[in-house]
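Commentary on secondary and tertiary structure
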Amino acid sequence: MEEMNQIELIIGQVLRIGVLISAAVILVGVLLIVFTGQTGYSANVYPTTVNAIASGIVALKPFAIVMLGLFLLILTPVLRVVVSIYAFAKERDHLYVWITTFVLVILLIGMWIGYLGK
């Protein structure tokens, strides 16, 4: 029981830290936009692929930094599901390990379909 409470605290910390990091990254991008007056891209052009976001970050393009923050925010609940799989495995609750793994697979497939659909 004590171990489960510890795992729940870890899951809560994962969510909190994920949201705080993503918010900080988004804030940096927004501040760069405000101070430079530019997004780093021409009108109606947005980095939507991992490669475009990565190259934009290397070039310090503010909108790419905002997109990284959004990407991190989307990954936060996915990481929570991964930690939950670990927690259920630690409890030896095999049914919930399989159910949570299935949820993770659905999340990853949904993200992949979204990525392909751009």
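The notes below deal with the structure included here. (Residues numbered from 1 in each chain as written. Predicted model: local features only at pLDDT ≥ 70, side-chain atom pairs only at ≥ 80, totals over all residues. Heavy atoms only, no water.)

**Looking at the packing of aromatic side chains**
Within this structure, the stated rule accounts for 2 aromatic pairs. Each ring, one from Y46 and one from F63, has its centre 5.3 Å from the other, and the planes form 50 degrees; the classification is tilted. A residue pair is termed long-range when its members are at least 10 positions apart, and Y46 in the loop between α1 (2–36) and α2 (50–58) and F63 in helix α3 (residues 62–90) qualify at 17 residues. When the ring centre of Y41 is taken as origin, the NZ or CZ atom of K61, which lies over that ring, is 4.6 Å away. (Phe/Tyr/Trp six-rings, centres within 6.5 Å; stacked < 30°, edge-to-face > 60°. Helix = DSSP H or I, 4+ residues; strand = E, 2+ residues; numbered from the N terminus. Lys NZ or Arg CZ within 6 Å of the ring centre and 35° of its normal.)

**A word on unusual backbone geometry**
A positive phi is found at N44, a non-glycine position, where the angle reads about 60 degrees. By the secondary structure assignment, N44 is in the loop between α1 and α2. With phi around 65 degrees, R92 is a residue other than glycine that occupies positive phi space.

Read these as layout, nothing more, since geometry by itself doesn't imply function.
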